[in-house]
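Residues per chain, in single letters:
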2 protein chains.
Amino acid sequence: MCEEQDGVNEACSVMEAVNRISGKWTVGILLAATEGPVRFTELERHLKGISRRMLTLTLRNLERDGLLRRTVHPTVPPKVEYEATDMARELHSALAELVGWARRNRANITRSRTGYDDTAGELVRS
Amino acid sequence: MCEEQDGVNEACSVMEAVNRISGKWTVGILLAATEGPVRFTELERHLKGISRRMLTLTLRNLERDGLLRRTVHPTVPPKVEYEATDMARELHSALAELVGWARRNRANITRSRTGYDDTAGELVRS
DNA sequence: CTGGATCCCTTTGGATACTG
DNA sequence: CAGTATCCAAAGGGATCCAG
């Protein structure tokens, strides 16, 4: 599935992880579900701007990967709760590293981008 | 740009990072460029299956974000080298966490998926 | 050798309306 | 409340040819 070469298999492992947490809403949902069980509409309000369809899809995929546990309470009206699994909680600590990096370098990246756009942009339209 | 709510701004920082390293080839390129300067065709051979277009695009974006440094040697034939910046090297350490997580939980996720597909799959086609 | 430009297909994601 | 179904737009990504 993933050719084994020098550093590429390492990259492959990372990508497996990255692919799983990529997606516009995945991290937000994961973080919310780590603090405790959350309901569908709670998430819908929490993740402002998400559509029902994307919320459903993202939840399904997370459940499928074993990162979320879905509990249906057979009541009227129905009540469904989502909660992060242990595996997801471990991931959370790894995520913290990324948060740190993002925080530290947010400004650098922005500067780099503007610099790049200013420089290269002019060359193109020369 | 990113509404500040409870845990969402935290998720936002993660997403900034995730968005930057997502993309099919980004991590592979980053890892290769972290070990030392690499040339265009080296990468093309290393990342088996990548198209020239995607290699170019990914390199451009990484350079734009300040994660890669692009050095042009004014020779004939032209020679261009890419190397990871300090910022990218810091990211590499954060990535290591993810690698660990991916390695530890790869099997779990696969199991979870097959289990999910077996269970839910039947319900759908009922 | 190192790309740029173009075409085209696939995937992702959003809006909305409907249902148990 | 918690979804499902459908339609549609935008982005991702591959193939190929062209150029400095």
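This structure is a prediction, so every number in the text was calculated from the model and none was measured. (Residues numbered from 1 in each chain as written. Chains lettered and ligands numbered in written order. Predicted model: local features only at pLDDT ≥ 70, side-chain atom pairs only at ≥ 80, totals over all residues. Heavy atoms only, no water.)

> Go over the sheet that holds strand 3 (residues 79–84) of chain A, please, and point to the residues and values.
Residues and elements named next belong to chain A. The sheet built from three strands is open, its strands ordered 1-3-2 with antiparallel pairing. In this open sheet, the two strands that pair with only one neighbour each are strand 1 (38–39) and strand 2 (68–73). Most of the contacts of helix 2 (residues 26–34) go to strand 3, to which it runs at about 95 degrees, and overall it touches strand 1, strand 2 and strand 3. Packed on one face of the sheet, helix 4 (residues 52–64) meets strand 2 and strand 3 and runs near 110 degrees to strand 2. (Pairing = 2+ DSSP bridges. Helix = DSSP H or I, 4+ residues; strand = E, 2+ residues; numbered from the N terminus. Contact = heavy atoms within 4.5 Å. Axes fitted to C-alpha atoms, helices over the stretch in contact; angles between N-to-C directions.)

> Residue-level account of helix 4 (residues 52–64) of chain B, with values.
Side chains that are three or four residues apart share a direction in an α-helix, a result of its 3.6 residues per turn. Residue and element names in this part refer to chain B. Compared with an ideal rise of 1.5 Å per residue, which puts 13 residues at 18 Å, helix 4 spans 18 Å between its outermost C-alpha atoms and is within 8% of the ideal. Those residues of helix 4 not exposed but buried are Leu55, Thr58, Leu59, Leu62 and Glu63. Taken end-on, helix 4 shows its buried residues confined to a sector of 135 degrees, consistent with a single buried face. Downstream of helix 4 by one or two residues, Gly66 has phi in the positive range, about 80 degrees. (Expected span 1.5 Å × (residues − 1). Buried < 20%, exposed > 50% of the residue type's maximum accessible area, 1.4 Å probe, protein only. Arc of directions from axis to C-beta.)

> Pulling in residues and values, what's your account of the protein's contact with DNA strand C?
Around DNA strand C lies a shell of 18 residues, among which Lys24(A), Thr41(B), Thr56(B), Arg70(B) and Tyr82(B) are the nearest. What you see for DNA strand C is that sugar and phosphate hold 61% of its atoms within 4 Å of the protein. Interatomic distance of 2.5 Å between a side-chain N/O atom of Tyr82(B) and a phosphate oxygen of DNA strand C. Those elements giving two or more residues to the surface near DNA strand C turn out to be helix 4 of chain A together with helix 3 (40–46), helix 4 and strand 3 (79–84) of chain B. By residue number, the principal contributor to the surface near DNA strand C is helix 4 of chain B, which donates four residues. (Near = heavy atom within 4 Å. Polar contact = N/O pair within 3.5 Å; in protein donor to acceptor, adjacent residues only side chain to side chain.)

> Tell me what's going on with the packing of helix 2 of chain A against helix 4 of chain A, and back it up with residues and numbers.
All names here are of chain A. Contact geometry for helix 2 and helix 4: axes closest at 10 Å, N-to-C directions at 65 degrees. The orientation of helix 2 with respect to helix 4, classified from their angle, is roughly perpendicular. Judged by the sense of rotation from one axis to the other, the crossing of helix 2 with helix 4 is right-handed. Counted together, Thr26, Ile29 and Leu30 of helix 2 and Leu55, Thr58, Leu59 and Leu62 of helix 4 form the full contact between these two elements. Here the contact of helix 2 with helix 4 is built from residues that sort into five nonpolar, two polar and no charged. (Parallel < 35°, antiparallel > 145°, perpendicular 65-115°, else oblique. Left-handed = near helix turned anticlockwise from the far one by under 90°. Nonpolar A, V, L, I, M, F, W, Y, C, P; charged D, E, K, R; others polar.)

> Account for the relation of the copies chain A and chain B, with residues named and values stated.
Each copy of the sequence occupies a distinct position, and chain A is placed on chain B by a rotation of 180 degrees and an axial shift of 0.0 Å, giving an RMSD of 0.1 Å. Taken together, these values place the two copies in the relation of a two-fold axis. Take the interface residues of chain A: 100% of them recur as interface residues in chain B, which is what a same-surface contact looks like. (Least-squares fit on C-alpha atoms with pLDDT ≥ 70 in both.)

> Hey, could you go over the interface of chain A and chain B for me, with residue numbers and the actual values?
In many reports, interface size means the accessible area that the parts give up when they come together. Across the contact, 49 residues belong to chain A and 50 residues belong to chain B. On the chain A side of the contact with chain B, Arg64(A), Trp101(A) and Tyr116(A) bury the most area, a combined 15% of that side's loss. Ionic pairing is found between Asp65(A) and Arg113(B), a salt bridge with its closest N-O pair at 2.5 Å. When residues of the side of chain A that touches chain B are traced back to their parent elements, those giving at least two are helix 1 (8–21), helix 2, helix 4 and helix 5 (86–124) of chain A. Sorting elements by how many residues they give to the side of chain A that touches chain B places helix 5 of chain A first, with 21 residues. Across the side of chain A that touches chain B, the residue classes break down as 20 nonpolar, twelve polar and 17 charged. (Buried area = accessible area lost by both parts, 1.4 Å probe. Salt bridge = Lys/Arg side-chain N within 4 Å of Asp/Glu carboxyl O.)

Shape descriptors only; they carry no functional weight alone.
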